[in-house]
Amino acid sequence: MIKILKYTEYLYLVVAIFSIYRIVTDWNVNREGTYLFMFFAVVSIGMFFFRRNYRKKFEQRKKDNQL
């Protein structure tokens, strides 16, 4: 299960990178459409750090219970 949590963290980073790419490429063409991608980028980066923190706490709790 820990491996799945680790992969989902990086999935959020992929979404953030794609959103930032779309912001950069579409900024001069369709500025109103890029605001949605800004939202996705911010939320994805926030979720990356949230999930990472949650996974590390879960690993620490599992490690403490084994001792």
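*Asks:* What should I look at first to understand a nonpolar patch on the surface in this one?
*Replies:* Judged by side-chain polarity, Leu11, Val14, Val15, Leu36, Phe39, Phe40 and Val43 come together as a nonpolar surface patch covering roughly 620 Å² of accessible area. Elements with a contribution of two residues or more to the nonpolar patch: α1 (2-26) and α2 (31-66). Looking at the nonpolar patch element by element, the count peaks at 4 residues for α2. In this structure, Leu11 sits in helix α1.

*Asks:* Mind showing me how you'd approach the pattern of salt bridges here?
*Replies:* Two side chains of opposite charge can pair, provided their charged atoms sit close to one another. Enumeration according to the criterion identifies 3 salt bridges in this entry. Across the pair Asp26 and Arg22 runs a salt bridge whose closest N-O atoms are separated by 2.9 Å. With a gap of 4 residues between them, Asp26 and Arg22 both fall in helix α1, about one helical turn apart. The class for Arg22 is partly exposed, based on a relative accessible area of 28%.

What counts, and where the lines are drawn
Residues numbered from 1 in each chain as written. Predicted model: local features only at pLDDT ≥ 70, side-chain atom pairs only at ≥ 80, totals over all residues. Heavy atoms only, no water. Patch = residues over 30% accessible without salt bridge, like charges linked within 9 Å, V, L, I, M, F, W, Y side chains within 5 Å. Areas by Shrake-Rupley, 256 points an atom, 1.4 Å probe, with all protein chains shown as cover. Salt bridge = Lys/Arg side-chain N within 4 Å of Asp/Glu carboxyl O. Helix = DSSP H or I, 4+ residues; strand = E, 2+ residues; numbered from the N terminus. Buried < 20%, exposed > 50% of the residue type's maximum accessible area, 1.4 Å probe, protein only.

Interpretation in functional terms is not warranted from these geometric data alone.
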